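# Residue-level structural notes
Spelled out from the first residue to the last, the chains are:
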Amino acid sequence: MHEGTPDPGLYDFSPYRDRKRIVWPGGKSCAVWVAPNLEYYEVDPPAHPKRKAWARPHPDVVGYSHRDHSNRVSHWRMADVMSKHGFPGSVSLSVALCQHHPEVVADAKARGWEFFSHGIYNTRYAYDMSEEQERAIIEDSIATVREATGQTIRGWLAPALTHTPHTLDLIAEYGLEYTCDLYHDDQVQPVKTATGKLVSVPYSLEVNDHYGFLIYNMSPREYADTLVRQYERLADEGGTVMCIPLHAYLIGQPHRIGPFEEALRYIAADGRAWLTKAGDIVDAWNAQQ
């Protein structure tokens, strides 16, 4: 990532209307993937000068326990609804969860979900990390997920969406194939790196449940309707990717899970949707290049 320039230089400008049309397997028009963020938050992480982990002074029992609902209760609600309607998960994983709550990781593995790294803890920020520190996180992620699941991670979503100028170059150097850290497009796009080959798989802030409920203050019904509207437009345009990023402590609450399930049922019943995983989207896109 270039520093001190107006453009970070991560990708070329590519006008949407002039692109080669992508057709997904089975003639589907929209690749829909769900990204459950299976995370671990430390109640007292090392302090970072640029960002506080918690809103309240230590110990922020409220913030910590709210998020802990994910791993104790709401993961199971979210995952069961996804499985019921045929949506596999591509897990944005705080890899420390493999040690703290291996039962959650084992459940995702048993459902046939894939895993990519979301850093070690979601309370450790990449700002100002040295290259050596960032390398250590990538190496730890690869080794930990492989030991816990037998999978070799192919993708990356930076912990708490925090980066250094070297992040994308480093993950490509280590052989990772995709990043979810760019929000610039509704299709898979190449990313420029110093070495290796990397693509951006569309992730979403706009239909992320965190933004829906905590930033945009949507009701459960409004959020579900937003997912349907997002899907319908992308399916009409064709060759597109829709990501549904989730945090179980939000979407898996009893008052939210019902409308969410209705949205999944609608998308799954529409013949244009390819319900898939991030890695499979990369493979299908590469095959058409």
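Here we take up the environment of G86. Here G86 shows up in the loop between α1 (61-84) and β2 (90-93). Taking the relative accessible area as the measure of exposure, G86 reaches 42% and is therefore partly exposed. With 79 residues separating them in the primary sequence, G86 and P165 have C-alpha atoms 38 Å apart.

One turn of the α-helix equals 3.6 residues, which is why residues spaced by three or four share an orientation. For helix α4 (residues 131-149), which comprises 19 residues, the first-to-last C-alpha distance of 27 Å matches the rise-based estimate of 27 Å (1.5 Å per residue) to within 8%. Where α4 is buried, its residues meet β2, α2 (97-100), α3 (102-110), β3 (114-117), β4 (155-156) and α5 (167-173). At the C-terminal side of α4, G150 shows a positive phi close to 80°.

Moving on: the nonpolar core. With 63 residues, the main nonpolar core has V32, L93, Y223, M242, I244, L246 and F260 as its most contacted residues. Examining the composition of this core, we find that seven residues originate from one element, helix α7 (residues 220-237), more than from any other. With sequence-adjacent residues up to four places away left out, V32 is seen in contact with F87, Y231, M242, I244, I267, A273, W274, L275 and T276. In this structure, W24, A35, V199 and V201 belong to the second largest nonpolar core, which totals 21 residues.

A few words on unusual backbone geometry. Geometrically, the link from H58 to P59 is a cis peptide bond, its omega value of 0° lying close to zero. Within the element layout of this structure, P59 appears in the loop between β1 (30-38) and α1. Positive phi, normally seen in glycine, also occurs at D128, with a value near 70°. Phi is positive for N217, which is not a glycine, with a value near 55°. The topology assignment puts N217 in the loop between α6 (209-215) and α7. Taking the relative accessible area as the measure of exposure, N217 reaches 61% and is therefore exposed.

Here we come to the packing of aromatic side chains. By the definition in use, this model includes 10 aromatic pairs. When the centroid spacing of 6.4 Å and the interplanar angle of 50° are considered together, the rings of W33 and Y203 count as tilted. Taken together, the positions of W33 in strand β1 and Y203 in the loop between β7 (198-200) and α6 put the pair 170 residues apart, joining distant regions of the chain. A network of ring pairs unites the aromatic residues W33, F116, Y178, Y183 and Y203 as a single cluster.

What counts, and at which threshold
- Residues numbered from 1 in each chain as written.
- Predicted model: local features only at pLDDT ≥ 70, side-chain atom pairs only at ≥ 80, totals over all residues.
- Heavy atoms only, no water.
- Helix = DSSP H or I, 4+ residues; strand = E, 2+ residues; numbered from the N terminus.
- Buried < 20%, exposed > 50% of the residue type's maximum accessible area, 1.4 Å probe, protein only.
- Expected span 1.5 Å × (residues − 1).
- Contact = heavy atoms within 4.5 Å.
- Core = buried A, V, L, I, M, F, W, Y, C linked by side-chain atoms within 4.5 Å.
- Phe/Tyr/Trp six-rings, centres within 6.5 Å; stacked < 30°, edge-to-face > 60°.

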